[in-house]
Structure formats: structure tokens, C-alpha cells
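Structural overview
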Amino acid sequence: MEPICRCRWCNPRNPLYVAYHDQEWGAPQYDDGKLFELLVLESFQAGLSWETILNKRESFRSAFGGFIPERVAAYGETETAALLENKSIVRNRRKIAAAVQNARVFLEIQREWGSFSRYIWHFTDGQVVYETGEASSPLSDRVSADLKQRGMTFVGTTIVYAYLQAIGVINSHEPGCFLHKRADLRP
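Residues numbered from 1 in each chain as written. Predicted model: local features only at pLDDT ≥ 70, side-chain atom pairs only at ≥ 80, totals over all residues. Heavy atoms only, no water.

**A short note on the overall build of the protein chain**
Selection criterion: A helix here means a DSSP run of H or I that spans at least four residues, while a strand means a run of E at least two residues long, and both kinds are numbered starting from the N terminus. Radius of gyration: over C-alpha atoms. The globule rule applied is 2.2 Å multiplied by the number of residues raised to the 0.38 power. Every residue pair with non-hydrogen atoms within 4.5 Å of one another is taken to be in contact. In this description, accessible areas are obtained by the Shrake-Rupley approach with a 1.4 Å probe, and a residue is regarded as covered only by the protein chains that are shown. This count recognises Lys and Arg as positive and Asp and Glu as negative, with His and chain-terminal groups excluded. Here the site of a charge means NZ on Lys, CZ on Arg, CG on Asp, or CD on Glu.
Across its full length, the protein chain holds ten helices and two strands. Mapped from its N terminus to its C terminus, the protein chain presents α and β elements in the order α-α-α-α-α-α-α-α-β-α-α-β. Here the C-alpha radius of gyration of the protein chain, 16 Å, is about what a compact globule of 187 residues would show, namely 16 Å. Once local pairs closer than 6 in sequence are excluded, the contacts in the protein chain between residues at least 24 apart make up 67%. On the protein chain, roughly 9500 Å² of surface is accessible, and the fraction owed to carbon and sulfur atoms is 51%. If the 22 positive side-chain charges of the protein chain are averaged to one point and the 22 negative ones to another, these points end up 4 Å apart.

What follows is the structure, given as C-alpha cells:
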């Protein structure tokens with residue numbers, strides 16, 4: 001039996017990474033809870049590897065109240081201090097503050113659009129973009145600018161591009177990967 005070919009970035013020795021690559025990354029996501037979770041995690045990745053964040057995902061999930069945006073939006077000084085003491089997550093004051101602020105904006109977007117999913121997918125009219133080898137694009141530039149204008153932080157174009165890949169708005173599985181799809185071969 002031949003080994004399964006995956007994207008080069010996927011560490012085959014890390015079962016969490018393999019499962020993330022095979023079952024989650026690049027798959028279209030419409031659930032607001034998952035969309036918020038990945039938004040928070042991608043902002044924490046800035047300057048770090050995704051594998052580092054993925055390995056701490058369960059700790060982040062616990063520390064951030066199951067990634068329920070209403071809970072995170074209500075965090076104050078007490079919760080922030082507890083997060084800064086939590087050695088099982090990335091303890092960065094600016095990223096923690098961004099998670100709280102972004103939760104508040106996330107809720108505003110939900111109120112305005114009916115769901116965050118409807119908002120994020122409107123940028124592509126609900127269509128998946130197929131491209132590989134990029135770290136940003138005009139799409140991530142537009143989404144980043146809009147999120148910043150609404151008051152989010154840690155949502156630069158590179159972070160947003162990685163986010164759009166994670167939630168499947170952009171499918172970037174590399175040629176040779178068993179999950180690679182080209183626009184002309186869409187399901």
C-alpha cells in the first residue's frame with residue numbers, strides 16, 4: 001500500500017497535525033462557533049508555527065470558555081490575568097486582548113449579517129477559491145481591511161489568508177496532496 005501524499009507542511013509524525021490536515025484544513029466551514037475558534041487560534045499563531053498552536057488547541061479551548069464568543073467578549077481584567085498565568089496556552093497580552101476585542105466585533109458582525117458565516121462567505125459569493133503557494137491575496141487584503149475597519153486586531157492580510165485557508169474559503173491543498181483540487185475539477 002502506497003503512503004498517502006499530503007501537503008509538505010503537514011508533519012506526518014504528529015497525529016493532531018495529520019488529522020487537522022486530512023479532516024479540517026481547507027474544508028468549507030459554516031458553523032459560527034468553529035469560525036470563531038479558528039479566528040482566535042490564527043491570531044495566536046502570529047509569529048509562531050501552526051503546529052505549536054494546534055498542539056495547545058485543547059488548552060486554548062478550555063482557557064477561552066469553549067470559544068463561545070459571548071463568554072470571551074465579556075472577559076475583563078480577572079479573566080485576562082488568569083490567561084496570562086496559564087502556562088498551557090500562548091501568554092501574550094496583546095493577543096489575549098485581541099481575542100476579547102475580536103469576540104466583541106464578531107458578535108456585532110453576527111447581529112448585522114445574521115451569522116458570521118454569511119459575512120465571511122459573502123466575500124466570495126459563497127464560492128471556494130482554489131489557489132496554492134500564496135501567503136496573501138487581494139481577497140485577504142479586502143477581508144483584513146474590513147475586519148480592521150470594524151475594530152478587530154491581529155487580522156493582517158497574512159493572518160486572514162491563513163484563516164481563509166483554514167475555514168475552506170480558500171482551498172490551498174498542494175498539487176500531489178490527496179486533497180488537492182483545482183478550480184476546473186471542483187466537486
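**Topic: the pattern of salt bridges**
As a reminder of what qualifies: The working definition used for a salt bridge is a side-chain nitrogen of Lys or Arg within 4 Å of a carboxyl oxygen of Asp or Glu.
What the rule picks out here adds up to ten salt bridges. Arginine 57 is the partner of glutamate 37 in a salt bridge, and the nearest nitrogen-oxygen pair spans 2.8 Å. Within this pair, whereas glutamate 37 is found in helix H2 (residues 32–45), its partner arginine 57 is found in helix H4 (residues 57–63), the two being separated by 20 residues in sequence. Residue arginine 150 pairs with aspartate 146 through a salt bridge whose shortest N-O separation is 2.7 Å. Placement of the pair is arginine 150 and aspartate 146 together in helix H9 (residues 138–150), with a separation of four residues, close to one helical turn. Three or more residues are tied together by salt bridges with common partners; here these are Glu24, Lys34, Glu37, Arg57, Glu58 and Arg61.

**Brief notes about the packing of aromatic side chains**
Spelled out, the test is: Any pair of Phe, Tyr and Trp rings, taking the six-membered ring for Trp, is counted once the centres come within 6.5 Å. Such a pair is stacked with planes under 30 degrees apart, edge-to-face with planes over 60 apart, and tilted for the rest. Only protein chains enter the accessibility calculation, which uses a 1.4 Å probe; a residue is then buried when its area is under 20% of its type maximum, exposed when over 50%, and partly exposed in between.
The tally for this structure, following the rule as stated, stands at 14 aromatic pairs. Both rings, one in phenylalanine 44 and one in phenylalanine 64, keep their centres 5.7 Å apart while their planes meet at 65°; by these two values the pair is edge-to-face. Placement of phenylalanine 44 in helix H2 and of phenylalanine 64 in the loop between H4 and helix H5 (69–73) is noted, with a sequence separation of 20 residues between them. Judged by relative accessible area, phenylalanine 44 falls into the buried class, the value being 0%.

**Topic: the packing of H2 against helix H10 (residues 157–166)**
Definition in use: Here an axis means a line fitted to C-alpha atoms, over the contact stretch when the element is a helix, while the angle between two N-to-C directions is reported on a 0 to 180 degree scale. Less than a right angle of anticlockwise turn of the near helix away from the far helix marks a crossing as left-handed, whereas a clockwise turn marks it as right-handed.
Running from amino to carboxyl end, H2 crosses H10 at an angle of 140°, the nearest separation of the two axes being 10 Å. With respect to the hand of their crossing, H2 and H10 are arranged in right-handed fashion. The residues of H10 that touch H2, namely those facing Leu35, Leu38, Leu39, Glu42 and Ser43, are Ile159, Ala162, Tyr163 and Ala166.

**Concerning the nonpolar core**
Condition: Only buried residues count toward a nonpolar core, which is a set of Ala, Val, Leu, Ile, Met, Phe, Trp, Tyr and Cys residues joined through side-chain atoms within 4.5 Å.
Counting residues in hydrophobic clusters, the biggest one holds 55 residues, and the most contacted among them are Phe64, Ile120 and Leu164. Dropping the residues within four chain positions of it, isoleucine 120 is found in contact with Leu35, Val143, Tyr163, Leu164 and Ile167.

**A closer look at the environment of glutamate 58**
By secondary structure assignment, the location of glutamate 58 is in helix H4. Relative accessible area serves as the criterion here: at 54%, glutamate 58 is assigned to the exposed category. Sequence-wise, glutamate 58 and serine 88 are 30 residues apart; in three dimensions their C-alpha atoms are separated by 9.3 Å.

**Notes on the layout of surface pockets**
For clarity, the threshold we go by: Definitions used throughout: a 1 Å grid over protein atoms alone; a cavity as a set of points that fits a 1.4 Å probe which cannot get out; a pocket as an open set with protein on both sides within 12 Å along at least five of seven lines; a lining residue as one with an atom within 4 Å of a point. Grid points are joined across faces, edges and corners, and a volume is the space filled by probe spheres set on the points. Classes in brief: Ala, Val, Leu, Ile, Met, Phe, Trp, Tyr, Cys and Pro nonpolar; Asp, Glu, Lys and Arg charged; the others, Gly included, polar.
Taken as a whole, the largest pocket spans an internal volume of roughly 450 Å³. Around the largest pocket, the lining comprises 22 residues; the ones closest to its centre are Trp9, Trp25, Gln45, Ala162 and Gln165. When residues of the lining of the largest pocket are traced back to their parent elements, those giving at least two are helix H1 (15–23), H2 and H10. Here the lining of the largest pocket gets six residues from one element, more than from any other, and that element is H10. Across the lining of the largest pocket, the residue classes break down as twelve nonpolar, six polar and four charged.

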